[in-house]
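Structural characterization, general
Each chain is listed here by its residues.
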Amino acid sequence: MLDDPIAATPRPPGWRGFALTVTLLSLLGAVFSLFLGFVCVMASDGCFSGDTRFICTADGQNTVFWLPWIGWAAAIVGSLITAGLTSRKGWGPWAGLFAGALLYGGPALAAYSIAAG
């Protein structure tokens, strides 16, 4: 047991804290995605008959509702992949949070842009 090379390999620091942080941010992101999706769909309340804006179509409303959820899923997967890659280089997993924020922000801003436009 003491000669086991896997048990003797030091674990990189920060994984427990990183996992807790990603879990909490994922739960917060789920709540925010639900809120943002509904708020962006409500932007179609000002539409009138014959309005040609994208938000005034069923496809536009579906798009603005689901874009935050796509960003949420991409952020979780992307942050875990980035954390794994940066840990292999010896940098630790925390760079994955920055990647996750970028991956979430893009689709969320796109949904807001469609709703506001």
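Right above here is the structure, for reference.
Let me begin by describing the structure that accompanies this report. (Residues numbered from 1 in each chain as written. Predicted model: local features only at pLDDT ≥ 70, side-chain atom pairs only at ≥ 80, totals over all residues. Heavy atoms only, no water.)

1. Describing the state of the cysteines
Selection criterion: Criterion for a disulfide: a pair of cysteine sulfur atoms within 2.5 Å. The cut-offs for exposure are 20% and 50% of the maximum accessible area for each residue type, with area from a 1.4 Å probe on protein chains only; residues under the lower value are buried, those over the upper are exposed, and the others partly exposed.
Considering all chains together, one arrives at one disulfide under this definition. For cysteine 47, the disulfide goes to cysteine 56, at an S-S distance of 1.9 Å. In this structure the cystine formed by cysteine 47 and cysteine 56 twists about its S-S bond by roughly -85°; its chirality is therefore left-handed. Judged by its relative accessible area of 23%, cysteine 47 is partly exposed.

2. Section: the layout of surface pockets
As a reminder of what qualifies: A 1.4 Å probe that fits but cannot get out identifies a cavity on a 1 Å grid over protein atoms alone, an open set with protein on both sides within 12 Å along at least five of seven lines counts as a pocket, and a residue lines either if it has an atom within 4 Å of a point. Grid points are joined across faces, edges and corners, and a volume is the space filled by probe spheres set on the points. Secondary structure follows DSSP: runs of H or I at least 4 residues long count as helices, runs of E at least 2 residues long count as strands, and numbering of each begins at the N terminus. Amino acid classes used here: Ala, Val, Leu, Ile, Met, Phe, Trp, Tyr, Cys and Pro are nonpolar; Asp, Glu, Lys and Arg are charged; the rest, including Gly, are polar.
In this model, the largest pocket occupies a volume close to 250 Å³. Counting residues per element, the ones that place at least two in the lining of the largest pocket are helix H2 (15–42), helix H3 (58–88) and helix H4 (95–116). The leading source of residues in the lining of the largest pocket is H2, at five residues. Residue composition of the lining of the largest pocket, by class: nine nonpolar, four polar and no charged.

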